[in-house]
Amino acid sequence: MKNKIVKTIKLDGGFAGDIHLIETENGERCIRKSYANNPSVDLNAEWNALVFLHGKGYSVPKPLSKNTDEMYMQYIENGVLWDVYQTVDTATQHDLIEKFTKLLHDLHVLDISRACPAVLPYIENELSEIKNILEEKQLSNYLPALNKLELQSVNIAEKLPCFIHRVYHPWNVLTDINGKLYAVDLLLSQGDFRFDVAWTYMLMSRSDFSEFAEAFLLEYAKFNPSVYDDFDFYKSLANLRWLANVSPFAHGQSELECFRYWIKQAEKFCNEY
């Protein structure tokens, strides 16, 4: 930062990183995000995604600067979408779901012609990455679900690759005082848009927000009805990927008790699929 920092307020940074609201001597405010305590997260990748998407005109906070351990971005004053969603009336909630869904769809229809080639076939690569995680973390109890998906994947027709967020949900979207939404925490890659939709749908469903999940899916189908093609497969794929990502961190840690409930919900779906 060029200007002297005079005030720092720690915000809820979630599971992965630390987030602070920074105020400088000239009254400017911005967000500082750091993964210094979590070296497994690639700060450069998130920064590059932010810069790239901002340059494309996609709605993300403006990137300001970056150093080895932290990055600075525009402060979005109104806050996290889910916090706002819970305080407004039904009509406004519906409007927010429409905007939330459109923001994801806007990402999926961005031009990828000049981007780096995607790793294809997408499903094969995704299953391979999941398998590597399960074997490395000794999560053998999920291998039957993986094997089942591997067998079924040969009958799945993949869509054309697009940019995907990978962890899209109402806690990874901010809204300003004018009602504009901004996507954050992108693990930007290329893949099948149905994975993104299924990830959001299943996360909200297993968090007991099924009404939001169903409304989101219906709104997305207005943009692209083919989202329903093989959607159960992608729901299971998204669930299994989430289990592979989260389960290693949810054992023996009392502060992650909430994860255990969500894990049981995800396991239930994988077993039923």
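Residues numbered from 1 in each chain as written. Predicted model: local features only at pLDDT ≥ 70, side-chain atom pairs only at ≥ 80, totals over all residues. Heavy atoms only, no water.

Enquirer: Sorry if this is basic, but what is going on with helix H7 (residues 210–223) here?
Expert: Every α-helix carries 3.6 residues per turn, so stepping three or four residues along brings you back to the same face. With 14 residues, H7 ought to run about 20 Å at 1.5 Å a step, and its terminal C-alpha atoms sit 20 Å apart, in line with that. Along H7, the residues that are buried comprise Phe212, Ala213, Phe216, Leu217, Glu219, Tyr220 and Ala221. The inward-facing, buried residues of H7 abut helix H2 (81–85), helix H3 (90–108), helix H6 (193–206) and helix H8 (231–246). (Helix = DSSP H or I, 4+ residues; strand = E, 2+ residues; numbered from the N terminus. Expected span 1.5 Å × (residues − 1). Buried < 20%, exposed > 50% of the residue type's maximum accessible area, 1.4 Å probe, protein only. Contact = heavy atoms within 4.5 Å.)

Enquirer: Would you mind going over the pairing of strand S4 (residues 63–66) with me for this structure?
Expert: Every other side chain in a regular strand lies on the same face of the sheet, so the side chains alternate between the two faces. Where S4 meets strand S5 (residues 70–74), 3 bridges bridge the pair, whose relative direction is antiparallel. Within S5, the residue paired with serine 65 across the bridge is tyrosine 72. The turn linking S4 back onto S5 is made up of 3 residues. (Pairing = 2+ DSSP bridges.)

Enquirer: Just to check I follow, could you spell out the packing of aromatic side chains for this structure?
Expert: Two numbers describe a pair of aromatic rings. These are the distance of the centres and the angle of the planes. One pass over the structure, following the stated rule, counts 15 aromatic pairs. With a centroid separation of 5.1 Å and 20 degrees between ring planes, the pair formed by tryptophan 82 and tyrosine 85 is classed as stacked. With a gap of 3 residues between them, tryptophan 82 and tyrosine 85 both fall in helix H2, about one helical turn apart. Take tryptophan 82: its relative accessible area is 5%, and that puts it in the buried class. For the pair tyrosine 85 and phenylalanine 212, a centre-to-centre distance of 5.2 Å together with 80 degrees between the ring planes defines the contact as edge-to-face. With tyrosine 85 in helix H2 and phenylalanine 212 in helix H7, this residue pair connects regions lying 127 residues apart in the sequence. Exposure remark for tyrosine 85: the relative accessible area of 12% places this residue in the buried category. Aromatic ring contacts, followed pair by pair, group Trp82, Tyr85, Phe100, Tyr168, Trp171, Phe209, Phe212 and Phe216 into a single cluster. Above the plane of the ring of tryptophan 242 lies arginine 206, whose end atom (NZ or CZ) is 4.0 Å from the centre. (Phe/Tyr/Trp six-rings, centres within 6.5 Å; stacked < 30°, edge-to-face > 60°. Lys NZ or Arg CZ within 6 Å of the ring centre and 35° of its normal.)

Enquirer: Before we go on, may I ask you to explain the environment of glutamate 219 in this structure?
Expert: Tracing the sequence through the fold places glutamate 219 in helix H7. Along the chain, glutamate 219 and phenylalanine 100 lie 119 residues apart, while their C-alpha atoms are 9.5 Å from each other.

Enquirer: What should I look at first to understand empty space enclosed by the protein in this one?
Expert: Following the criterion strictly, the structure yields 1 cavity of 30 Å³ or more and no others. If you go around the largest cavity, the residues you meet are Glu46, Leu50, Met71, Met73, Ala183, Val184, Asp185 and Leu186. Its residues assigned to classes, the lining of the largest cavity comprises 6 nonpolar, no polar and 2 charged. (1 Å grid on protein atoms, 1.4 Å probe; cavity = no way out; pocket = protein on both sides within 12 Å on 5 of 7 lines; lining within 4 Å. Points joined across faces, edges and corners; volume = space filled by probe spheres on them. Nonpolar A, V, L, I, M, F, W, Y, C, P; charged D, E, K, R; others polar.)

Enquirer: Could you clarify how one ought to interpret the pattern of salt bridges in this entry?
Expert: Where side chains of opposite charge bring their charged atoms close, a pairing between them can arise. Overall, the coordinates contain 14 salt bridges when judged by the stated rule. Aspartate 192 is the partner of arginine 194 in a salt bridge, and the nearest nitrogen-oxygen pair spans 2.7 Å. Relative accessible area serves as the criterion here: at 0%, arginine 194 is assigned to the buried category. Note that glutamate 219 is salt-bridged to lysine 222, the shortest N-O span being 3.0 Å. Residue glutamate 219 and its partner lysine 222 are located together in helix H7, separated by 3 residues, close to a single helical turn. Its relative accessible area of 8% is what places glutamate 219 among the buried residues. (Salt bridge = Lys/Arg side-chain N within 4 Å of Asp/Glu carboxyl O.)

Enquirer: What am I meant to see in the packing of helix H4 (residues 122–136) against H8 here?
Expert: The packing of two helices is summarised by the inter-axis angle and the distance between the axes. It is at 9 Å that the axes of H4 and H8 come closest, and there the two elements cross at 30 degrees. For the element pair H4 / H8, the angle class is roughly parallel. The handedness of the crossing between H4 and H8 comes out as left-handed. Seen from H4, the contacting residues are Tyr122, Ile123, Glu126, Leu127, Glu129, Ile130, Ile133 and Leu134; seen from H8, they are Phe233, Tyr234, Leu237, Leu240, Arg241, Ala244 and Asn245. Here the residues of the contact of H4 with H8 sort into 11 nonpolar, 1 polar and 3 charged. (Axes fitted to C-alpha atoms, helices over the stretch in contact; angles between N-to-C directions. Parallel < 35°, antiparallel > 145°, perpendicular 65-115°, else oblique. Left-handed = near helix turned anticlockwise from the far one by under 90°.)

Enquirer: Would you mind going over the side chain of serine 153 with me for this structure?
Expert: Looking at the element boundaries, serine 153 is found in helix H5 (residues 143–153). A distance of 2.7 Å separates the side chain of serine 153 from the backbone oxygen of glutamate 150, its partner in a polar contact. (Polar contact = N/O pair within 3.5 Å; in protein donor to acceptor, adjacent residues only side chain to side chain.)

Enquirer: Is there a simple way to think about H3 in this case?
Expert: Over its 19 residues, H3 extends 27 Å from the first C-alpha to the last, a length consistent with the 27 Å expected when each residue adds 1.5 Å. Residues of H3 that are buried include every one of Gln93, Leu96, Ile97, Phe100, Thr101, Leu103, Leu104, His105, Leu107 and His108, and no others. For H3, the N-terminal capping position is held by aspartate 89, with its side-chain oxygen 3.3 Å away from the main-chain nitrogen of alanine 91.

Enquirer: What is the right way to look at the environment of isoleucine 9 in this model?
Expert: Position of isoleucine 9 relative to the elements: it lies in strand S1 (residues 5–11). The class for isoleucine 9 is partly exposed, based on a relative accessible area of 34%. Sequence separation between isoleucine 9 and isoleucine 31 is 22 residues; the distance between their C-alpha atoms is 9.7 Å. Every residue in contact with isoleucine 9, bar those within four places of it in the chain, is listed here: Ile19, His20 and Leu21.

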